[in-house]
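Descriptive structure summary
Each chain is listed here by its residues.
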Amino acid sequence: MVGTLVAKNLGIKLEEWVLQELEPFYPEARRTKGSGSVNDEGDVHAGPFIIEVKDRPNQRSLSVTETVWLKIEAAAQREGKLPLIISRTRNEIYVTMRWIEFEQLLIDGRNDHA
């Protein structure tokens, strides 16, 4: 049980960091009430994104299970938002999203600058 509490606290710290980094772009960004629990809402809401935060500082590999992805995807679809997973491993922080949504962001960004 202690390991679970430690892992949850690490996740909350990463959630706070994600929130701090996104607030300049999305001032309404917020942590989800009860994040860190199985609430099917994602951990952070910011602009067009619902974000699940996974903090695994002792891992050397990056993986996302289908169960975790489907959970955050369902939450995002309910709110008309894009699902993201932000993961920290031993050496880096990564952002995971589906290619089709990434491609649409690129197209939208290009159209905004045209």
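Structure: see above.
Criteria and thresholds
- Residues numbered from 1 in each chain as written.
- Predicted model: local features only at pLDDT ≥ 70, side-chain atom pairs only at ≥ 80, totals over all residues.
- Heavy atoms only, no water.
- Helix = DSSP H or I, 4+ residues; strand = E, 2+ residues; numbered from the N terminus.
- Polar contact = N/O pair within 3.5 Å; in protein donor to acceptor, adjacent residues only side chain to side chain.
- Pairing = 2+ DSSP bridges.
- Core = buried A, V, L, I, M, F, W, Y, C linked by side-chain atoms within 4.5 Å.
- Buried < 20%, exposed > 50% of the residue type's maximum accessible area, 1.4 Å probe, protein only.
- Contact = heavy atoms within 4.5 Å.

1. So, the side chain of His45
Counting through the fold element by element, His45 comes out in strand 2 (residues 44–46). A polar atom in the side chain of His45 sits 3.3 Å from the side chain of Thr32.

2. Focus: the sheet that holds strand 5 (residues 93–96)
The pairing of strands in a sheet happens through backbone hydrogen bonds and is either parallel or antiparallel. Reading across the sheet, the five strands line up as 1-2-3-4-5 and stay open at both edges, with mixed pairing between neighbours. On the outer flanks of this sheet lie strand 1 (30–31) and strand 5, each paired with one strand and no other. By the bridge criterion, two bridges tie strand 1 to strand 2 in an arrangement that is antiparallel. From the neighbouring strand, Arg31 faces strand 2, where its bridge partner is Val44.

3. Description of the nonpolar core
If you look at the biggest cluster of nonpolar residues, it comprises 12 residues: Leu14, Val18, Leu19, Leu22, Ala29, Val44, Ala46, Phe49, Ile51, Val53, Leu84 and Ile86. Of all the elements, helix 1 (residues 2–22) adds the most residues to this core, at four residues. If we ignore the near neighbours within four places in the chain, the residues touching Val44 are Glu15, Val18, Leu19, Arg30, Arg31, Thr32, Phe49, Ile50, Ile51 and Val53. Formed by five residues, the second largest nonpolar core is a distinct cluster that contains Ile50, Ile72, Ala76 and Ile85.

4. Focus on the pairing of strand 5
Pairing of strand 4 (residues 82–88) with strand 5 involves four bridges; the strand directions are antiparallel. By the bridge assignment for strand 5, Arg88 is matched with Ile93. Taking the residues that link successive antiparallel strands as the turn, the strand 4-strand 5 hairpin has four residues.

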